[in-house]
Amino acid sequence: MNATLIRNVNGRKVWDSRGRPTVEVEVSLDSGVRGRAIAPAGASTGSGEAVDLRDGGKAFGGYGVGRAIAAVNGEIAAELNGADASNQPACDRLLIDLDGTPDKGRLGGNALIATSMAIAHAAAAAAGQPLWRYLGGDENAILPLPEIQIFGGGAHAGRRVDIQDFMVIATGAADFAQALDWTAEVYLAAGALMERNGRLAGVADEGGYWPVFDGNEQALEFLVRAIEDAGYTPGKDVSISLDVAASEFGRGGRYRLARDERDVDSDGLCEMLMGWLERYPIVSIEDPLAEDDPDGLIAFTRTAGMRVQIIGDDYLVTNAGRVAAAARDGACNAVLVKPNQAGTLTETRAALDAAVAAGWGAVVSARSGETEDVTIVHLAVGWGARQLKVGSFARSERMAKWNEALRIGEALLSQGRLPPASAFPWGQV
Ligand code: 2PG
Ligand code: MG
């Protein structure tokens, strides 16, 4: 018997945070040890990411995963039978070749990523280790700095405002637990502020407050006030991070800011964002321009890249080749790392490695459709990614991740300590 050989792969339909079906995979090894993982799902997706296999038709709004589950229990299980779970690259290679398409659409990115992550969990379990330690060892393991949403928007909030994520980063916190404490206070203060102003209307997809604002910039004004109301100094203790998700409202260099009733070109959007960087304590900005606007991204990075983190999400889709090319071109200075954009863990890791090689930042990220699965927290720690984005500070598909990080922190030699400020682009100026 070889303890780490795969004996069984079992797919089942489970449900995500939007009440949509998704794929869970359980991998069993020769020794009887098991690993399990669930695929998340995006709403604002990049056109270059691995695509989920969905059933279409009327049931569940077309989001059924019957075909993806059948792929797991059929072709994927047969192919992986006897493969060595402790050789993740070889297992992922089997999955990639078996699918055979550039976008993983035949077997489904959802089927592949759940399988790939379940293999890693099984291998870690066989080694008797938590996944973070199995991936990275003890010596340099450190918790990531959390990036936490306060207001949702864009595709996650019925396009009530155009900008997608208004987030905070506790740039002054000494450790992870303190970063969560401060964020909890800001989230609470933001809710109270919304209520006092007659704007409290529930939460968006990732648990941030529903954005009842008169314009995009008003969300920033409210966010600064919430930070102050909670007793912190904006830009020192707690800073602002945005995901503009500009691919959702821009194409061909034209952008429609519906909430502001404004149409702008690439230069106009850059100018608006530069104005925000002047007026608000913003340290990080994701997808400032659309995925089809590389010239705009290069121009924005040239202007703002020295003082702020510029993250590529839709533009880079967790793809190592794209990260390397963007680094050469001078577009962005950080990558968002979403395992299901790549489709396997090996490809996800390659994108992170490409970012590190370029001297870039990296933010491991959840999707807007999530579950209780906490794999990404282990990846962020085990791979040393230094930053983690999970959505807001409410709802258990989000809190499960923050809580898992607290547990991991207790086991680390670095305890809950966060990377030094100099590890981040905004700490270098
Ligand atoms: C993003 C993510 C998370 P989605 O754009 O970064 O906020 O959203 O999963 O819908 O792509
Ligand atoms: Mg994004």
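Keep in mind that what you see is a predicted model, and the values were worked out from it rather than measured.

Chemist: Where do I start with the coordination of the magnesium ion (ligand 2) in this structure?
Modeler: Metal coordination angles in their ideal form are 109.5 degrees for the four-donor tetrahedron and 90 or 180 degrees for the six-donor octahedron. Protein coordination at the magnesium ion (ligand 2): the donors are Asp243 (OD), Glu286 (OE) and Asp313 (OD), at 2.0 to 2.2 Å from the metal. Taken in chain order, the donor set of the magnesium ion (ligand 2) reads D-x42-E-x26-D. Of the two residues, Asp243 sits in strand β6 (residues 239-243) while Glu286 sits in strand β10 (residues 282-286), which places them 43 residues apart along the sequence.

Chemist: Would you mind going over the domain arrangement of the chain with me for this structure?
Modeler: Many analyses report the size of an interface as the accessible area lost when the parts associate. Structurally, the chain comprises domain 1 (6-128) and domain 2 (145-427). Each of domain 1 and domain 2 has a C-alpha centre, and the two are 27 Å apart. Domain 1 puts 30 residues into the contact, and the matching count from domain 2 is 29 residues. Taking both sides of the interface into account, the surface hidden between domain 1 and domain 2 amounts to around 2,400 Å²; carbon and sulfur atoms contribute 51%. Taken together, the links from domain 1 to domain 2 amount to 3 salt bridges. A salt bridge links Glu49 to Arg367, with the shortest nitrogen-to-oxygen separation between them at 3.0 Å. Of all the secondary-structure elements, those providing two or more residues to the side of domain 1 that touches domain 2 are β3 (34-38), α2 (88-99) and α3 (109-126). Grouping the constituent residues of the side of domain 1 that touches domain 2 by class yields 13 nonpolar, 11 polar and 6 charged.

Chemist: Teacher, can you tell me more about the sheet that holds strand β4 (residues 145-152) here?
Modeler: Paired through their backbone hydrogen bonds, the strands of a sheet run either parallel or antiparallel. Overall, mixed pairing links the 8 strands, which are arranged β4-β5-β6-β10-β11-β12-β13-β14 in a closed barrel. Direction aside, neighbouring strands of the sheet carry axes that sit 30° apart on average. Where strand β11 (residues 309-312) lies against strand β12 (residues 334-337), 2 bridges are found, and the strand directions are parallel. By the bridge assignment, Ile311 is partnered in β12 with Ala334. Against the sheet, helix α11 (residues 345-357) makes contact with β12 and β13 (361-365), and its axis sits at roughly 165° relative to β12, the strand it touches most.

The rules behind the values
- Residues numbered from 1 in each chain as written.
- Chains lettered and ligands numbered in written order.
- Predicted model: local features only at pLDDT ≥ 70, side-chain atom pairs only at ≥ 80, totals over all residues.
- Heavy atoms only, no water.
- Donors = N, O, S within 2.8 Å, 3.2 Å for Na, K, Ca; no water.
- Helix = DSSP H or I, 4+ residues; strand = E, 2+ residues; numbered from the N terminus.
- Domains from an automatic or database assignment.
- Contact = heavy atoms within 4.5 Å.
- Buried area = accessible area lost by both parts, 1.4 Å probe.
- Salt bridge = Lys/Arg side-chain N within 4 Å of Asp/Glu carboxyl O.
- Nonpolar A, V, L, I, M, F, W, Y, C, P; charged D, E, K, R; others polar.
- Pairing = 2+ DSSP bridges.
- Axes fitted to C-alpha atoms, helices over the stretch in contact; angles between N-to-C directions.

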